[in-house]
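Remarks on the overall topology
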Amino acid sequence: MMKGRENFEDCYIKYANKIYGVAYKMLNNHDDAVDIVQEVFLRAYKNWNNFKGLSKISTYLYRIAVNLSYDYLRRKSKTKKIENLNYENLSILSSKNNFESDFHNENILNEIKNEIDNLTEKQKSVFILKTYEGLTYEEIARILKKRIGTVKATYFQTLQKIRENLKRKGVIENEM
Amino acid sequence: MKCKRFEEIILDFIEGKISEEKKRELRKHIEECEKCRKLYNDFLFIINNSKKIESPILEENFWKAKLNFIIEKGENYIHRFKPAYLGIPLFILTFTLVLLFKIYLPAKKYPYVELADSNYELLFSEDEIIKYVDYISDEEAGKIMEFILKETN
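In this convention, every chain numbers its residues from 1, walking through the sequence in written order. Here every chain gets a letter starting at A, and every ligand a number starting at 1, in the order they are written. For this predicted model, a pLDDT threshold of at least 70 governs which residues receive local features, and a threshold of 80 or more governs which side-chain atom pairs are given and counted, while totals over whole chains, interfaces and linings are taken from all residues. Remark: hydrogens and water are excluded; side-chain values derive from all non-hydrogen atoms of the structure.

Below, the discussion takes up the overall build of chain A. Assigned secondary structure in chain A consists of seven helices and one strand. When the helices and strands of chain A are listed from N to C terminus, the series reads α-α-α-β-α-α-α-α. Working definition of accessibility: Shrake-Rupley area with a 1.4 Å probe, residue cover restricted to the visible protein chains. Accessible area of chain A: about 9,400 Å², with a carbon and sulfur share of 46%. Elements are defined by DSSP. Helices are runs of H or I of four residues or more, strands are runs of E of two residues or more, and each kind is numbered from the N terminus.

In structure tokens form, the structure reads like this:
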């Protein structure tokens, strides 16, 4: 029996949804996201005794999740898939995916979601880790093994890209 | 403040990670510059609306049900047969055997031949010299044969 198994189980329960969230946003697919979570934690389990506290466990987990997501994206064809999640079959604790009933807002959110889906792997991972996970640039730089300046520049460029595309589509007003 | 400078620190401004003095400077620039004000508002718009698009949050029981699978698979991996378990002892055994043969195997002794000029022992037997005589010049082969024949007579 692996030593520190209780710690692993606590870690799993604590981070499973976070890793799922990252993978889900990267891949836009529930089953793939669950597979990613399983693979991430399986790798963590195999190396659990090797963790010497040199870097946070979360950094390791996020890094594996992002890399596996890249692999999935490259392997699968990039057909845009708006997943029809049947929420009755999922044990969802909270369905925060309930868009506001206002049609205009729903349209805006759909457009933004499309823009996020169309980002490059690098842009998507930085955007997701920053916007949704609330990680600092330093943490993201450690996860992606990039310089802090590069991460910051990527985030800025990603926001610019989304902004320009939303302006073109009329979701955001153009400058006068 | 110039617009380029504003663009460099707009993200820190949105996250509230700059000094009060810098914040005042930025707010003043936003009031005066329509282009930068638009940039700031658009970025806020994108970030705030993006946060409304969240992935489902699954129940703890869902993940607990998956946990046993991971542990089982992980344990199978940890206790799998590793070729290194066999390889290392085999290597040590082979190395030991090679050393034994090298050190303890009796050296081949050739019959002692006293040379005309000295008491040195021939390094090769007569058969071997004749066997390798093709690899040396005729003159050298002749000298060697003269030695041997002189001594055996």
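More follows now that the structure is in view.
Residue and element names in this part refer to chain B. Together, Ile 88, Phe 91, Ile 92, Phe 95 and Leu 99 line one region of the surface with nonpolar side chains, adding up to about 540 Å² of accessible area. Along the chain, Ile 88 falls in helix 5 (residues 83-104). Under the scheme applied here, a residue whose accessible area is under 20% of the maximum for its type counts as buried, over 50% as exposed, and between as partly exposed, the area being computed with a 1.4 Å probe on protein chains only. In this structure Ile 88 comes out as exposed when scored by relative accessible area, which is 52%. A patch consists of residues whose relative accessible area exceeds 30% and which take part in no salt bridge; residues with like charges are grouped when within 9 Å of each other, and nonpolar side chains (Val, Leu, Ile, Met, Phe, Trp, Tyr) when within 5 Å. Note on definitions: salt bridges are taken to be side-chain nitrogens of Lys or Arg within 4 Å of carboxyl oxygens of Asp or Glu.

Mapped onto the fold, Ser 69 of chain A is located in helix 3 (residues 57-75). Working rule for contacts: check all heavy atoms of both residues, and any pair within 4.5 Å makes them a contact. Those residues in contact with Ser 69 of chain A that sit more than four places away from it in its chain are Ala 23, Met 26, Leu 27 and Ile 36 of chain A.

Turning next to the interface of chain A and chain B. Buried accessible area, meaning the area lost when the parts come together, often serves as the stated size of an interface. Each partner contributes to the interface: chain A provides 55 residues, whereas chain B provides 39 residues. As used here, buried area is the combined drop in accessible area, with a 1.4 Å probe, of two parts when they are placed together. At the boundary of chain A with chain B, total buried surface from both sides reaches about 4,600 Å², with 70% on carbon and sulfur atoms. Put simply, chain A and chain B have three salt bridges between them. For Asp 42 of chain B, the salt bridge is made with Arg 163 of chain A, and the minimal N-O distance between the two is 2.8 Å. Whenever a nitrogen or oxygen atom comes within 3.5 Å of another N or O atom, the pair is scored as a polar contact, on the condition that within protein one atom can donate a hydrogen and the other can accept it, and that pairs from neighbouring residues in sequence are kept only if both atoms are in side chains. If you look at where chain A meets chain B, you find twelve residue pairs in polar contact (both at pLDDT 80 or more). Going through the elements one at a time, helix 1 (5-27), helix 2 (30-46), strand 1 (92-94), helix 4 (103-117), helix 5 (121-131) and helix 7 (148-168) of chain A are the ones with two or more residues in the side of chain A that touches chain B. Looking at the side of chain A that touches chain B element by element, the count peaks at eleven residues for helix 1 of chain A.

Note that every value here comes from positions in space, so none of it alone points to a role or purpose.
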